[in-house]
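Working through the structure, step by step
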Amino acid sequence: MIGNGTSEKNFLGNLIGGINSAVLTIPTSIVSGLLAFAPLGPEYASMGVQAGLYGTMVISIIAAIFGGSSVQISGARSALAVIMGAVLGGILASSNLPEDPKAKADIAIILMFFCVFIAGFIQVGFGLMRLGRLIKYMPRPVITGLMNGFAFVILIKQLPVLFGVDDFPEILQLVIGAQPIYWIAPLSGIAAVAATMAIKRLRKGLPSGLLGIIIGSLVFHYFGGNEAGLSLVGAIPAGIPAPIDFSRLPELLSSSSGNALIIVDLLSSALALAFLGCVLSLLSAVAVDTASETRHDSNRELFGIGLANAATAMLGGVAGSGAPARGIASVRSGSTNRMGGVWHGIAFLVILAGLGGVIGQIPLVVLAGVLVYESIGMINTSDIRQVRDTFKDGNFALREQVIPSLITSLLVTVVTLTAGFVAAAGIGLVGASLMFAMRMEKVVVRGTYSGDKLRSKTSRPQEEIAILEREGHRIAVLEAQGAVFFGSADKLARQIVESAQDADYVILGMRGVTEIDDTAIKILRQTDASLAKEGTVLQISYLHPESPLWGIVVGLASDWDILDGRTFVDGDTALSWAEDRLLETADLSTETEGELGLKDIDLLRGLGPEAFESAEKWFKRQTFAKDDTVILQGAPSDEMFLLAGGTVSIMLDIPGTTRQVRLAHLRPGVMFGEMGLITGEARSTHVVANEEVVVYVLDRPSYEELSQNAPEILATLLANISIELAARLRVTSAQVSELERNS
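Attention here is on the structure that accompanies the text.

**Observations concerning the sheet that holds strand β6 (residues 505-516)**
Sheet architecture is open: 5 strands sit in the order β3-β5-β6-β7-β8, paired in mixed fashion. Pairing within the sheet leaves two strands with one partner each, and these edge strands are β3 (445-450) and β8 (567-568). Contacting β5 (475-484), β6 and β7 (537-541), helix α23 (residues 518-533) runs over the sheet at an angle of about 180° to β6.

**Notes on helix α22 (residues 489-499)**
For α22, the set of buried residues is Ala-489, Leu-492, Ala-493 and Ile-496. All buried residues of α22 fall inside an arc of 100° around its axis, so they share one side. Contacts from the buried residues of α22 go to β3, β5, β6, α23 and β7.

**A few points about helix α4 (residues 78-92)**
Over its 15 residues, α4 runs 21 Å from end to end, which matches the ideal 21 Å to within 8%, given 1.5 Å per residue. The element α4 is largely enclosed, with a buried count of 12 among its 15 residues. Every buried residue of α4 is listed here: Ser-78, Ala-79, Leu-80, Ala-81, Val-82, Ile-83, Met-84, Gly-85, Val-87, Leu-88, Ile-91 and Leu-92.

**So, the pattern of salt bridges**
One pass over the full model with this rule turns up 16 salt bridges. The shortest N-O distance in the salt bridge between Arg-474 and Asp-504 comes to 2.7 Å. Here Arg-474 is found in the loop between α21 (462-471) and β5, whereas its partner Asp-504 is found in the loop between α22 and β6, with 30 residues between them in sequence. Taken together, the salt bridges that share partners define one network made up of Arg-470, Glu-471, Arg-474 and Asp-504.

**Considering the sheet that holds strand β15 (residues 686-689)**
A sheet is described by the order of its strands in space; here 5 strands give the open sequence β4-β13-β12-β15-β10, paired in mixed fashion. Where the open sheet ends on each side, the last strands, each with one partner, are β4 (458-459) and β10 (629-631). Summarising the sheet, strand β12 (residues 648-653) and β15 pair through 4 bridges and their orientation is antiparallel. Directly across from Val-648, in β15, lies its bridge partner Ala-689.

**With respect to the packing of helix α7 (residues 140-162) against helix α17 (residues 364-378)**
Relative orientation of the contacting elements α7 and α17 amounts to 155°, with a least axis distance of 8 Å. The angle between α7 and α17 falls in the class roughly antiparallel. Here α7 and α17 pass one another in a crossing that is left-handed. Listed contacts from α17 to Met-147, Asn-148, Phe-150, Ala-151, Ile-154, Leu-155, Gln-158, Leu-159, Val-161 and Leu-162 of α7 are Leu-364, Val-365, Ala-368, Gly-369, Leu-371, Val-372, Ser-375, Ile-376 and Met-378. Split into classes, the residues belonging to the contact of α7 with α17 amount to 15 nonpolar, 4 polar and no charged.

**Some points on the packing of aromatic side chains**
A full pass over the atoms with the stated rule returns 11 aromatic pairs. Note on Phe-641 and Phe-672: the rings are 5.0 Å apart at their centroids and 10° apart in plane angle, and the pair reads as stacked. Taken as a pair, Phe-641 in strand β11 (residues 639-645) and Phe-672 in strand β14 (residues 671-672) lie far apart in primary sequence, 31 residues in all. The class of Phe-641 is buried, set by a relative accessible area of 1%. Site record: aromatic cluster; members linked through ring pairs are Phe-114, Phe-117, Phe-121 and Phe-246. Seen from the ring of Trp-577, Arg-581 lies directly overhead, with NZ or CZ sitting 5.0 Å from the centre.

**What to know about unusual backbone geometry**
One non-glycine residue, Tyr-542, adopts positive backbone phi at about 60°. The topology assignment puts Tyr-542 in the loop between β7 and α24 (550-556). Positive phi, close to 75°, is recorded for Asp-627, a residue that is not glycine. Structurally, Asp-627 can be placed in the loop between β9 (620-624) and β10.

**Things to note about the packing of helix α2 (residues 26-37) against α4**
Each packed pair of helices is defined by two parameters, the angle between the axes and the distance between the axes. Two elements in contact, α2 and α4, have axes whose closest approach is 6 Å; the angle formed by their N-to-C orientations is 20°. Judged by the angle between their axes, α2 and α4 are roughly parallel. For α2 against α4, the interelement crossing comes out right-handed. From α2, Ser-32, Leu-35, Ala-36 and Phe-37 reach across to α4, where they touch Ser-78, Ala-81, Val-82, Met-84, Gly-85 and Leu-88. Its residues assigned to classes, the contact of α2 with α4 shows 7 nonpolar, 3 polar and no charged.

**Here we look at the nonpolar core**
Counting 106 residues, the largest nonpolar core has Phe-37 and Phe-150 as its most contacted members. With 15 residues, the single largest contributor to this core is helix α5 (residues 101-128).

**Things to note about the state of the cysteines**
A complete count under the given rule lists 0 disulfides for this structure. The cysteine Cys-115 is free of any disulfide, with Cys-278 supplying the nearest cysteine sulfur at 14 Å. Overall, the relative accessible area of 2% leaves Cys-115 in the buried class. Among the residues examined, Cys-278 registers a relative accessible area of 0% and is labelled buried.

The rules we used
Residues numbered from 1 in each chain as written. Predicted model: local features only at pLDDT ≥ 70, side-chain atom pairs only at ≥ 80, totals over all residues. Heavy atoms only, no water. Pairing = 2+ DSSP bridges. Helix = DSSP H or I, 4+ residues; strand = E, 2+ residues; numbered from the N terminus. Contact = heavy atoms within 4.5 Å. Axes fitted to C-alpha atoms, helices over the stretch in contact; angles between N-to-C directions. Buried < 20%, exposed > 50% of the residue type's maximum accessible area, 1.4 Å probe, protein only. Arc of directions from axis to C-beta. Expected span 1.5 Å × (residues − 1). Salt bridge = Lys/Arg side-chain N within 4 Å of Asp/Glu carboxyl O. Parallel < 35°, antiparallel > 145°, perpendicular 65-115°, else oblique. Left-handed = near helix turned anticlockwise from the far one by under 90°. Nonpolar A, V, L, I, M, F, W, Y, C, P; charged D, E, K, R; others polar. Phe/Tyr/Trp six-rings, centres within 6.5 Å; stacked < 30°, edge-to-face > 60°. Lys NZ or Arg CZ within 6 Å of the ring centre and 35° of its normal. Core = buried A, V, L, I, M, F, W, Y, C linked by side-chain atoms within 4.5 Å. Disulfide = S-S within 2.5 Å.

This is the structure in structure tokens:
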């Protein structure tokens, strides 16, 4: 099995990685057990430490085998232990438990582990329902607030232990000198912290936390901490602890109202425990992926950690999750696959079997010092620093982002300390959702444009262009983006109404809209009806049978009359439609009644009757059927065209594909192909007839004859071409300016 060098290397790498990560994280497992059992007092410290070590052993092995990361190392986590401690404290506070302290503690411990058991099965359910990707995106301010809250809970509970007293009032008594202080207590804890910090700074590869605990314990015993009456962890029972007797649950969870409340608390706590454990595991898996250049399966990771937590609850271990420090340490020590996690668990089994007596000599004040140090390190102040920096730099855009995050995280922290982690998580999620809705409301409209500046790609005669320059402000264009939903639709509707105050046509562009809900559709329908009463027409662009939103809108509002002629495949088509309607109201119909004569086309204006009659013979009338190609891209340029009837589209081939894009839409009265005739270069685009088309063609021989025999007529034609091109450039410049204004 280990016959080749690669297999032997993998075996040794996994073994060394598992053992090294175990040595590095012994303190975390010990303090996690202490936090979970803290409400029972120092008498249960040894049981708590055993639960922390045993929990890491069970979780690391099961999660390594069934989890979604090949190199993730899981184990007891202090944040989850704080929740377990809160659950245990809440159960102990119930008035329905027996008066006998031992019986009361036994019942509370069983119910606490049952809470972990439920949490494990919830996590398994999350994995089976494939919620891994969704849970990974839990708002960061909520996680930050919860972790800060847990840090302060640990700090508040462990500071009195560090000073050798029972609670905070006694610390105040020490400060004012009303009560003698046992200096050995804070001295031992501070010695452990100082040693941890010094070793971490000098040699990063050493197990600084473990060495700090050893040094703090030596200081404690050297100065006679035992004689001062300060508590030790106490002897840890050898061997594997007995499984938790869940068979007593029916007896414990009777139908009395008090115990019914305990059941509700257990279920809500289990949900919070499961959710936080999932988030911590997935965040850890991402960090370990980066260090190991691997990829994890989020859903399998949830399944694996849930199975591990259910198992550890049945066997009396503290709840856990993936931990980046463990996984990264294992990878850097040579671990390459799941066996690293298995060896990690086996190492803890050896620790439990052989070092229980040694661990029992660790003073609680030393562990309190380590916990105080870790809790201070857990406090995340990045949002505060970011807010401070934005005031220094004057970065108002960033300030709008970070201040809501800071408010949410502070709120979650305060609620964690005052009302508990379940309420904090709920309030945090609600707060984050409100912040998200407010943020989405701000960005729902990406740009607003006026129709006298932003014009369609339809080329029109000079008379129509002049009217659109004068009356185009009666067309308003709004471009929406993101999710249009109940939180943003109302603001979008207000902006539509504001744009309609000076407009007869309002175009709502939905190219950037990713989703829309029924509330938003209802609000848009109401807005459409309101605008119609005022004589304003609402149009929607980028909404058509092939668009992603079409099925949603039709499914929720199939009787909405906007679907019958006022939705368009793109913004240009919608804008062209509005321009046509605007020209109709200006008594200049864009519908061609018959075909235009040469005299009606702008290119020949300025010619006297005699000159016109002379020029007329150079232009040949020609017709094209619908979908005929008038000009072929790449073909020689030997003709220019005057459009007398019907419409054409200018199309461009996209290189390397079979797709085409429409560049312009031409109506009667305009010219096309003139630059190719003048320069002689190959055609750069296609021109395709949209319907039956009539054109007047000036070919190259006629052009050259004009140049030789009637130069004054050609000069007039070229002057009119220049005027036409200048008008097009003026329109394009106005459009660019309008787009830049909204960029």
